[in-house]
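Descriptive structure summary
Listed here are the chains, written in short residue letters.
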Amino acid sequence: MNPVLSVILPSIRISRLAKFYESFQESYSGDWELIIVSPYELPDELLGKGNIKYIQDWGSPVRAQQIGLNAARGKFVHRAVDDSLYLPGMMDRAMTMINEDDPASIVLTKYTETNATVDRKHPDFQNMKDVKFYRLVYHHQTLKPYVPAHFFIINFGIYHRDFLMNIGGWCCKFESVAIAELDLSIRLQMELAKVIFTDDIVLECDWEPGHEGTHGPMHDAFAPDMEKYSQIYSHPDCENRIILDVNNWKDSPERWLRR
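Given the structure is predicted, the values throughout are model-derived calculations rather than measurements.

1. Examining the nonpolar core
Counting 82 residues, the largest nonpolar core has L5, F24, L34, I186 and Y229 as its most contacted members. Among the elements that line this core, the one with the most residues is helix α5 (residues 177–190), at eight residues. With sequence-adjacent residues up to four places away left out, I186 is seen in contact with L136, V147, F151, Y229 and Y233.

And the structure:
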């Protein structure tokens, strides 16, 4: 029998996976599978877990997500990151919000992106519990001539798998997850997706700016991806690329050379 929820997790931070798995178990009590796509072998703590699928791939994290989507069997799909922890019971609450009878229904799970060194009282601190944070108009670099400013950025959505598959998932011409998620968000809303917000934070992500930690390759991919994004959404033809080939990952490099 297929699970209710498929969680797609591209990963290079193997040492964090056990805590991720534990936090998700405490956050969601339903039937779920975890699809880990990584160049590295699983840690011993996760070996033998019956709800884990492991796929080895050396491509970009966007390619890894797309491979994971093609392997997913749940009615619903959620993508995750390996530097996050889920709050107890919050995925249970989020899953009750999705309209099971409407394939275009998407739950946007609110999140934080920070670390222990950030001053949460600083005037520039981002309140990611506020809905305005998720609107494109709040992020000026996302605004292009053919991008509706009222659209939302759906970074950690819960999707009907069939709806996500039919639109083609992520575009693997992008290398950075941030821009691939932005592009997917726009295409989904052009396809009349209905976005529902969780009331509270569901997951807490770590934060590595610039070249700190393992973030360097993602940082370096951002500018080239923004150029691709700008070219796409500065032209009216963008409305003709809403639906992509779900196997577009096969056209991306097998080995991500930035890593």
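That covers the picture; the talk isn't over yet.
2. Section: the side chain of E33
Residue placement: E33 occurs in strand β2 (residues 32–38). E33 gets classed as buried once you look at its relative accessible area, which sits at 7%. One polar contact links E33 to S6, side chain to side chain, over a distance of 2.5 Å. Other than its neighbours up to four places away in sequence, E33 contacts P3, L5, S6, V7, N51, K53, A71, A72, R73 and G74.

3. Notes on the pattern of salt bridges
Across all of its chains, the model carries 13 salt bridges by this definition. A salt bridge links R79 to E181; the nearest nitrogen and oxygen atoms lie 2.9 Å apart. Residue R79 is found in strand β4 (residues 76–79), and its partner E181 is found in helix α5; the two are separated by 102 residues along the sequence. A single burial state applies to R79 and to E181, both of which are buried. Ionic pairing is found between D200 and R93, a salt bridge with its closest N-O pair at 3.2 Å. Pair noted here: D200 is in strand β8 (residues 194–205) and R93 is in helix α3 (residues 90–95), with a separation of 107 residues, a long-range link. Judged by its relative accessible area of 44%, R93 is partly exposed. What emerges from the salt-bridge pattern is a single network uniting R93, K129 and D200.

4. Some remarks on the state of the cysteines
This structure, assessed with the given rule, holds zero disulfides. C172 provides the cysteine sulfur closest to C171, a residue in no disulfide bond, and the two sulfurs are 6.9 Å apart. When its relative accessible area of 6% is taken as the criterion, C171 is described as buried. Distance from the sulfur of C238, which forms no disulfide, to the nearest cysteine sulfur (C171) is 13 Å. According to the relative accessible area criterion, C238 is buried, its value standing at 2%.

5. A few points about the pairing of β4
Because side chains alternate across β4, one face comprises the buried residues F76 and H78, and the other comprises V77 and R79, equally buried. Where strand β1 (residues 5–10) meets β4, four bridges bridge the pair, whose relative direction is parallel. Each bridged residue has a counterpart across the sheet, and for L5 the counterpart in β4 is F76. As defined by bridge partners, β4 adjoins strand β7 (residues 157–160) across three bridges and the pair is classed as antiparallel. The residue bridging F76 from the neighbouring strand is H160, located in β7.

6. Quick notes on the packing of helix α2 (residues 61–71) against α5
Pairs of packed helices are described in terms of their axes, by the angle between the two and the distance that separates them. In contact at an axis separation of 8 Å, α2 and α5 are set at 50° when each is read in the N-to-C sense. Put simply, α2 runs oblique to α5. For the pair formed by α2 and α5, the contact residues are P61, V62 and Q65 on the first element and V177, A180 and E181 on the second. Here the residues of the contact of α2 with α5 sort into four nonpolar, one polar and one charged.

7. Thoughts on the layout of surface pockets
Reported here for the second largest pocket is a volume of approximately 320 Å³. Lining the second largest pocket are 17 residues, with C172, K173, N248, D251 and S252 sitting closest to its centre. When the residues that make up the lining of the second largest pocket are grouped by side-chain class, the tally is seven nonpolar, three polar and seven charged.

Conventions adopted
Residues numbered from 1 in each chain as written. Predicted model: local features only at pLDDT ≥ 70, side-chain atom pairs only at ≥ 80, totals over all residues. Heavy atoms only, no water. Core = buried A, V, L, I, M, F, W, Y, C linked by side-chain atoms within 4.5 Å. Buried < 20%, exposed > 50% of the residue type's maximum accessible area, 1.4 Å probe, protein only. Helix = DSSP H or I, 4+ residues; strand = E, 2+ residues; numbered from the N terminus. Contact = heavy atoms within 4.5 Å. Polar contact = N/O pair within 3.5 Å; in protein donor to acceptor, adjacent residues only side chain to side chain. Salt bridge = Lys/Arg side-chain N within 4 Å of Asp/Glu carboxyl O. Disulfide = S-S within 2.5 Å. Pairing = 2+ DSSP bridges. Axes fitted to C-alpha atoms, helices over the stretch in contact; angles between N-to-C directions. Parallel < 35°, antiparallel > 145°, perpendicular 65-115°, else oblique. Nonpolar A, V, L, I, M, F, W, Y, C, P; charged D, E, K, R; others polar. 1 Å grid on protein atoms, 1.4 Å probe; cavity = no way out; pocket = protein on both sides within 12 Å on 5 of 7 lines; lining within 4 Å. Points joined across faces, edges and corners; volume = space filled by probe spheres on them.

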